[in-house]
Amino acid sequence: MEAIALEARMAKATVYSYFPDKDAMFRAVAERIALSMADRVEKAISGARTPAEGIVAAILAKEEMAYRIVRASPHSRDLLESSERLVAEEVFATLERRKLNALAKALDKMHIEKPKDAARLIAAAAAGAAATASSAEDLAASLDRVVRACLKGWSRRSD
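The sections below set out a description of the structure shown in this document. (Residues numbered from 1 in each chain as written. Predicted model: local features only at pLDDT ≥ 70, side-chain atom pairs only at ≥ 80, totals over all residues. Heavy atoms only, no water.)

Here we look at helix H7 (residues 115-131)
Logical step 1: A rise of 1.5 Å per residue sets the reference length of H7, with its 17 residues, at 24 Å; its end C-alpha atoms lie 24 Å apart and thus fit the reference within 8%.
Logical step 2: Within the span of H7, buried status applies to Pro-115, Ala-118, Ala-119, Ile-122, Ala-123, Ala-126, Ala-129 and Ala-130. Seen from one end, H7 has its buried residues packed into an arc of 130°, which puts them on one side. Seen from the buried face of H7, the exposed residues on the opposite side, beyond 90 degrees, are Lys-116, Ala-124 and Ala-131. (Helix = DSSP H or I, 4+ residues; strand = E, 2+ residues; numbered from the N terminus. Expected span 1.5 Å × (residues − 1). Buried < 20%, exposed > 50% of the residue type's maximum accessible area, 1.4 Å probe, protein only. Arc of directions from axis to C-beta.)

As C-alpha cells, then:
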C-alpha cells in the first residue's frame, strides 16, 4: 500500500479511504482487468471477418493483455497471489464464462460439434501456450498455431 500511495502521490491514509486493504484494491484492479478482457474477447469475435479469425483474435486479445499486465508489473507476484485467491470468486469466473460463451457461439457458427467442449479445449490449450511464451511475438505465434490446430482437428456437424 505504501508503494501505491507513493506512486499515486497521495498519503497512505488517503489510499485506505478508497480501499480498506490490499485485497480490496487488488479485487478492484482484477474486476477492471477482467471486464476489459471480456470486452476485448467479445469485440474481437464480433469484429472478425470469419468465426475462425474471431476465435484467434479473441484468444490473442485476452492472453496478450494478461501477458502484458503480468510481465510489465513490478507487483506481478502480488497480483498473481491475489488473483489466485480471487479465481474462485465471481470476478474471474465471470470473465471465463463470457470468454467461453463467446468462443462457443463462434464455434457453433462454424458448425463445430460440441462447441462448448471445443471452447473449453481451445481456452485450455491457449492458456498453456501463453504460460510458456517468451515474448509477445512468441505468444501471438503460439496462440495462432494452437487455435488453428484445435479448429482443424475438431469434427464439424453436417447440418
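Examining unusual backbone geometry
Logical step 1: Phi is positive for Arg-9, which is not a glycine, with a value near 55°.
Logical step 2: Mapped onto the elements of the fold, Arg-9 is located in the loop between helix H1 (2-8) and helix H2 (12-18).
Logical step 3: A positive phi angle, near 65°, is found at His-111, a position not held by glycine.
Logical step 4: Relative to the helices and strands, His-111 resides in the loop between helix H6 (90-109) and H7.

Comments concerning the nonpolar core
Logical step 1: In terms of nonpolar packing, the biggest core is built from 30 residues, with Ile-55, Leu-103, Leu-107, Ile-122 and Leu-151 touching the most fellow members.
Logical step 2: At the level of elements, helix H3 (22-46), helix H4 (51-72), H6, H7 and helix H8 (136-153) are the ones that each hand at least two residues to this core.
Logical step 3: Leave out the neighbours within four places in its chain, and Ile-55 touches Ile-45, Leu-103, Ala-106, Leu-107, Met-110, Ile-122, Val-147 and Leu-151.
Logical step 4: Judged by nonpolar contacts, the second largest core, of nine residues, contains Ala-34, Met-37, Met-65 and Val-91. (Core = buried A, V, L, I, M, F, W, Y, C linked by side-chain atoms within 4.5 Å. Contact = heavy atoms within 4.5 Å.)

Overview of the pattern of salt bridges
Logical step 1: A full pass over the atoms with the stated rule returns nine salt bridges.
Logical step 2: Across the pair Arg-98 and Glu-42 runs a salt bridge whose closest N-O atoms are separated by 2.6 Å. Highlighted residues: Arg-98 in helix H6 and Glu-42 in helix H3, separated in sequence by 56 residues.
Logical step 3: Take Glu-42: its relative accessible area is 31%, and that puts it in the partly exposed class.
Logical step 4: Across the pair Asp-144 and Arg-148 runs a salt bridge whose closest N-O atoms are separated by 2.9 Å. Of this pair, Asp-144 and Arg-148 both sit in helix H8, four residues apart, which is roughly one turn of that helix.
Logical step 5: Classification of Asp-144 as partly exposed rests on a relative accessible area of 27%.
Logical step 6: Here the residues in one salt-bridge network are Asp-39, Glu-42 and Arg-98, joined through shared partners. (Salt bridge = Lys/Arg side-chain N within 4 Å of Asp/Glu carboxyl O.)

Considering the packing of H3 against H6
Logical step 1: It is at 9 Å that the axes of H3 and H6 come closest, and there the two elements cross at 5°. Taken together, the axes of H3 and H6 lie roughly parallel to each other. Contacts between H3 and H6 involve Arg-27, Ala-30, Glu-31, Ala-34, Leu-35, Met-37, Ala-38, Asp-39, Val-41, Glu-42 and Ile-45 on the former and, on the latter, Val-91, Phe-92, Leu-95, Arg-98, Lys-99, Ala-102, Leu-103 and Ala-106.
Logical step 2: A per-class count over the contact of H3 with H6 returns 13 nonpolar, no polar and six charged. (Axes fitted to C-alpha atoms, helices over the stretch in contact; angles between N-to-C directions. Parallel < 35°, antiparallel > 145°, perpendicular 65-115°, else oblique. Nonpolar A, V, L, I, M, F, W, Y, C, P; charged D, E, K, R; others polar.)

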